[in-house]
Amino acid sequence: MDTMRAVRVDVCGAAEQMSIKEVPLPQPRAGEVRIRLKACGINLIDTYHRTGLYPLALPTGLGCEGAGVVDALGEGVDDLSEGERVGFAMAMGAYAEAIVLPRAALVKIPASVTDEEAAAMLVKAMTVDFLFNDTFSLSGGETVLFHAAAGGVGLIACQWAKHKGVKLIGTASTPAKCDLAMSHGAEACLLIDDPELSDKLRACAPDGFPVVYDSVGRSTYRLSLGLVAPLGTFVSFGNASGPIDAVVPGELALSGSLYFTRPTLATHMARPGWMQASADRIFGLMEAGHLAVEVNQRYPLSDVVRAHKDLEGRRTTGSSVLIP
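Residues numbered from 1 in each chain as written. Predicted model: local features only at pLDDT ≥ 70, side-chain atom pairs only at ≥ 80, totals over all residues. Heavy atoms only, no water.

**Structural notes on the side chain of His-147**
Okay, step 1: Residue position: His-147 is located in the loop between β8 (143-146) and α3 (152-164).
Okay, step 2: Of the polar contacts made by the side chain of His-147, one reaches the side chain of Ser-224; its length is 2.8 Å. (Helix = DSSP H or I, 4+ residues; strand = E, 2+ residues; numbered from the N terminus. Polar contact = N/O pair within 3.5 Å; in protein donor to acceptor, adjacent residues only side chain to side chain.)

Rendered as structure tokens:
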């Protein structure tokens, strides 16, 4: 076929701004590969792109993660064959039936990992990889605070922390989500709206947490900052409740010479060889039984509006995928 279905956004805004359009089937150029998508990951960053919080040139596609089979090869791509299974993270336009990407943006998927697992895992697990191994290197024995512990990234973080011998203290919005985080390896999980949350978290780390991982943003920033140990690190890696209003250097000083960082997956993926090395670590942990992805929501491509509403309404647990 010469056309395909794809999600498009012409004007940033609410979930209803997304529409399904029939667009030309992309053709790979030299060094590129076309992938027929079998599953597309759904991530909070997709909602940031849709709303304009992270600006993109319009009109735009959406979706940065997926898995499928090689459908066509551009000139010079000689280490892949049609029909091979591949996955990717941090591309743009994954909410579609097919996508063309540079060969360097793809990783091969082992037979033990399904398309849905790869599509639901790569962005989230690579995020945990750079959070735990690059941003603040965890060696085992630490007690850390991780907000939104029952989300897609959070459940992978719980498992990876347990594997590393790290005590992960999580927060979540419901008792069921707290139970889910603990069943995946969290040492403890507390309700984010508990009026005694600050005191309970201080009891978990009387001297403060050496690192706090916060993807919630505005609503948890002040709480989190007060829980970081002197010389500790505050890691901001998301904005689920809205962006942090301001980071005041003097407050970092008064709180104990704190480090504040805002890392992104895209920065790490730009490092030569990092993406494949990260994928190898992730797939290796999956094959050894240390990491598993929970694909708890599946939506047809045509139901993308509901998928975003469910995600933003915190009605999801684990990971969600679109099926083209």
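**Topic: helix α1 (residues 44-51)**
Think of an α-helix as turning once every 3.6 residues; residues three or four places apart then point the same way.
Okay, step 1: Counting buried residues along α1, six of its eight residues qualify, which places the element largely inside the surrounding structure.
Okay, step 2: The secondary structure elements touched by the buried residues of α1 are β1 (3-9), β2 (18-24), β3 (32-42) and α10 (304-312).
Okay, step 3: Downstream of α1 by one or two residues, Gly-52 has phi in the positive range, about 95°. (Buried < 20%, exposed > 50% of the residue type's maximum accessible area, 1.4 Å probe, protein only. Contact = heavy atoms within 4.5 Å.)

**Here we look at the packing of aromatic side chains**
Okay, step 1: Under the definition given, this model contains eight aromatic pairs.
Okay, step 2: Taking the centre distance of 5.0 Å and the plane angle of 65° together, the rings of Tyr-48 and Tyr-54 count as edge-to-face.
Okay, step 3: Taken together, a centroid distance of 6.1 Å and an interplanar angle of 85° make the contact between Tyr-221 and Phe-260 edge-to-face. One end of the pair, Tyr-221, is in helix α6 (residues 221-225); the other, Phe-260, is in strand β13 (residues 259-261), with 39 residues separating them in the sequence.
Okay, step 4: By relative accessible area, Tyr-221 is classed as buried at 3%. (Phe/Tyr/Trp six-rings, centres within 6.5 Å; stacked < 30°, edge-to-face > 60°.)

**A short note on the environment of Arg-36**
Okay, step 1: Its location among the elements puts Arg-36 in strand β3.
Okay, step 2: As a C-alpha pair, Arg-36 and Lys-162 span 126 residues in sequence and 36 Å in three-dimensional space.
Okay, step 3: Within polar-contact distance, the side chain of Arg-36 engages the side chain of Asp-71 at 3.2 Å.

**What about α10?**
Okay, step 1: Taken together, the buried positions of α10 are occupied by Val-304, Ala-307, His-308, Asp-310 and Leu-311. The buried residues of α10 all sit within an arc of 160° when viewed along its axis, so they share a single face.
Okay, step 2: Tucked inside the fold, the buried residues of α10 contact β1, β2, β3, α1, β14 (295-300) and β15 (319-323).
Okay, step 3: The first or second residue beyond α10 is Arg-314, which carries a positive phi of 55°. (Arc of directions from axis to C-beta.)

**Examining the sheet that holds strand β12 (residues 228-236)**
Okay, step 1: One open sheet accounts for six strands, arranged β10-β9-β8-β11-β12-β13; its pairing is parallel. Of all strands in the sheet, those with a lone pairing partner are β10 (188-191) and β13, marking the two edges. The mean inter-strand angle of the sheet, taken between neighbouring strand axes irrespective of direction, is 15°.
Okay, step 2: Relative to β13, β12 runs parallel, the two being bridged by three bridges. What sits directly across from Val-235, in β13, is Thr-261.
Okay, step 3: Strands in contact with helix α4 (residues 175-183) are β9 (167-172) and β10; relative to β10, the strand with the most contacts, it is inclined by about 165°. (Pairing = 2+ DSSP bridges. Axes fitted to C-alpha atoms, helices over the stretch in contact; angles between N-to-C directions.)

**Here we look at the nonpolar core**
Okay, step 1: Grouped together as the largest cluster of nonpolar side chains are 56 residues, with contacts concentrated most on Met-126, Phe-132, Leu-168 and Tyr-213.
Okay, step 2: For this core, the element with the highest residue contribution is helix α2 (residues 115-135), accounting for 12 residues.
Okay, step 3: The next biggest cluster of nonpolar side chains, apart from the first, holds 27 residues, and it includes Met-18, Ile-99, Leu-101 and Tyr-299. (Core = buried A, V, L, I, M, F, W, Y, C linked by side-chain atoms within 4.5 Å.)

**Some details on unusual backbone geometry**
Okay, step 1: The linkage connecting Leu-58 with the following residue, Pro-59, adopts the cis geometry, with an omega of -5°.
Okay, step 2: For Pro-59, the position within the fold is in the loop between α1 and β4 (65-73).
Okay, step 3: With a phi angle near 55°, Arg-314 is a residue other than glycine that sits in the positive phi range.
Okay, step 4: Looking at the secondary structure, you find Arg-314 in the loop between α10 and β15.

**A few points about the pairing of strand β6 (residues 98-102)**
Okay, step 1: Summarising burial for β6: four of the five residues are buried, a large majority.
Okay, step 2: Examined bridge by bridge, β3 and β6 share five bridges and lie antiparallel to one another. By the bridge assignment, Arg-36 is partnered in β6 with Ala-98.

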